[in-house]
Amino acid sequence: MEDIDAIAALQDPVRRRLYEYVAAQGREVGRNEAAEAAGVARTLAAHHLDRLTEAGLLESGSRRLTGRSGPGAGRPAKVYTRARAERAVSLPARDYRTAAELLAEAAEEAGLDAGLCAAARRRGEVMRGSAAPCGDLEEAMEMLAARGYEPHLEGADGAQDTEGATAAAAGVVRMHNCPFHAVAERFPPLVCGMNLALLEGLLGTDGPLRARMDARPGKCCVVVESSKNNDD
């Protein structure tokens, strides 16, 4: 019932817009910013953001948004991020996660990594169908968003990405969500390898883009970039 109540909280259209905006940023969001993005008054945004926090869909904290400290820096503002906990509803009840974890455990013990990756790459190719390999990062981001990866472009034009590393001029697509997160936490080498192979099949291995491993805390273990990046 707790998951049902949490998801039901998104039925309100304003609340849903606020949740989707905060979730998409991958960082702390203040009330003023969220209100402006949703096109509502700050007081209404604050009400809905707190309701989303009570439902367990967001987490809240406080910090000074000015970046200053000491006298004259202003009071800390309330900020929100997407909650780490997953929510899922199945009627009648189903337990696919346990089945996935058991299969992953058996595959890892049997040393079936290569076979799993080959199957994942084939599945990605089937999902792509007769379409040509992704032609650019924008097209790849659309495809990844449709699969629930929450892609974001980082490092475009040689800018610093969120971890401080300089990316290639074309940018790197980093995903803020891993659709296999729960199983990947228990079996990271197996599941992350499967994820990479799946994306290779989806993107195509003979096109202008490539997927590669670049695991960072709180993000998907795979990034997508131009196949020309780092070519020697």
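The rules behind the values
Each chain has its residues counted from 1, running along the sequence as written. Totals for whole chains, interfaces and linings use all residues, but because this is a predicted model, local features are given only for residues with pLDDT of at least 70 and pairs of side-chain atoms are given and counted only at 80 or more. Hydrogens and water molecules were not included; the side-chain quantities draw on all heavy atoms of the structure. DSSP-based pairing: two strands are paired if at least 2 bridges between them are found. Secondary structure follows DSSP: runs of H or I at least 4 residues long count as helices, runs of E at least 2 residues long count as strands, and numbering of each begins at the N terminus. An axis is simply a line fitted to the C-alpha atoms; with a helix, the fit covers only the stretch in contact. Between two such axes, the angle follows the N-to-C directions and lies from 0 to 180 degrees. Contact criterion: two residues are considered in contact whenever any of their non-hydrogen atoms come within 4.5 Å of each other. A helix is expected to span 1.5 Å multiplied by its residue count minus one. Each residue is assigned to one of three classes by its accessible area relative to the maximum for its type, calculated with a 1.4 Å probe on protein chains only: buried under 20%, partly exposed between the two thresholds, exposed over 50%. Buried Ala, Val, Leu, Ile, Met, Phe, Trp, Tyr and Cys residues form a nonpolar core when they are joined through side-chain atoms within 4.5 Å. Oblique is the label for every angle not falling under 35 degrees (roughly parallel), over 145 degrees (roughly antiparallel), or within 65 to 115 degrees (roughly perpendicular). Each crossing gets its handedness from the near helix: less than a right angle anticlockwise from the far helix is left-handed, clockwise is right-handed. Three classes are used: nonpolar for Ala, Val, Leu, Ile, Met, Phe, Trp, Tyr, Cys and Pro, charged for Asp, Glu, Lys and Arg, and polar for all others, with Gly counted as polar. The score called pLDDT rates the predictor's confidence residue by residue, from a low of 0 to a high of 100. Any Lys or Arg side-chain nitrogen found within 4 Å of a carboxyl oxygen on Asp or Glu counts as a salt bridge.

Focus: the sheet that holds strand β4 (residues 151-154)
- The four strands are arranged β4-β5-β7-β6 in an open sheet whose pairing can be described as antiparallel. Here the strands that pair on one side only, and so sit at the sheet edges, are β4 and β6 (209-213). Averaged over all pairs of adjacent strands, the angle between their axes in this sheet comes to 30°, without regard to strand direction.
- Sheet topology places β4 next to strand β5 (residues 172-175); four bridges connect them, and they run antiparallel. Residue pairing across strands places H152 opposite R174, the latter belonging to β5.
- Set on the sheet, helix α7 (residues 137-146) makes contact with β4, β5, β6 and β7 (222-226); between it and β4 the angle comes to about 150°.

Remarks on helix α4 (residues 42-54)
- Taking 1.5 Å of rise per residue, the 13 residues of α4 would be expected to cover 18 Å, and the 18 Å separating its terminal C-alpha atoms lies within 8% of that figure.
- What α4 keeps buried is the set A45, A46, H48, L49 and L52.
- Lining the buried residues of α4 we find α2 (13-25), α3 (31-38), β2 (58-63) and β3 (77-82).

As for the side chain of H48
- With respect to the element layout, H48 can be found in helix α4.
- The contact partners of H48, leaving out residues within four places of it in the chain, are D12, V14, R15 and L18.

Considering the nonpolar core
- Core analysis: the biggest nonpolar cluster contains 32 residues, and L144, M175, L199, V222 and V224 have the highest contact counts within it.
- Broken down by secondary-structure element, the contributors of at least two residues to this core are α5 (96-109), α6 (113-128), α7, β5, α8 (181-186), α9 (188-203), β6 and β7.
- Residue contributions to this core peak at ten residues, all from α9.
- The residues contacting L199, other than those within four sequence positions of it, are L144, Y149, M175, A211 and V222.

Quick notes on the packing of α2 against α3
- For the pair α2 and α3, interaxial distance at closest approach is 9 Å and the crossing angle is 120°. It follows from the interaxial angle that α2 and α3 lie oblique. As for how α2 packs across α3, the hand of that crossing is right-handed. Where α2 abuts α3, its residues R17, L18 and Y21 lie against E33, A34, A35, A37 and A38.
- A breakdown of the residues in the contact of α2 with α3 according to their chemical character gives six nonpolar, no polar and two charged.

Description of the confidence of the model for the protein chain
- Averaged over the protein chain, the pLDDT score is 87; the fraction of residues at 70 or greater is 87%.
- pLDDT under 50 marks residues 158-169. Its contacts with residues more than four places away, or in other chains, come to 26 contacts.

A closer look at the environment of L190
- Structurally, the position occupied by L190 is in helix α9.
- What makes L190 buried here is its relative accessible area of 3%.
- Distance from L190 to G111, taken between C-alpha atoms, is 9.4 Å for residues 79 residues apart in sequence.
- In contact with L190, not counting residues within four places along its chain, are A104, A107, E108, D113 and L116.

What about the pattern of salt bridges?
- Inspection of every chain in the model, using the stated rule, returns 17 salt bridges.
- With a shortest N-O distance of 2.9 Å, D3 and R87 are connected by a salt bridge. Residue D3 is found in helix α1 (residues 2-8), and its partner R87 is found in the loop between β3 and α5; the two are separated by 84 residues along the sequence.
- Measuring nitrogen to oxygen at the nearest pair gives 2.7 Å for the salt bridge that ties E33 to R27.
- The network of salt bridges with shared partners includes E154, R174, R210, R212, D214, R216 and E225.

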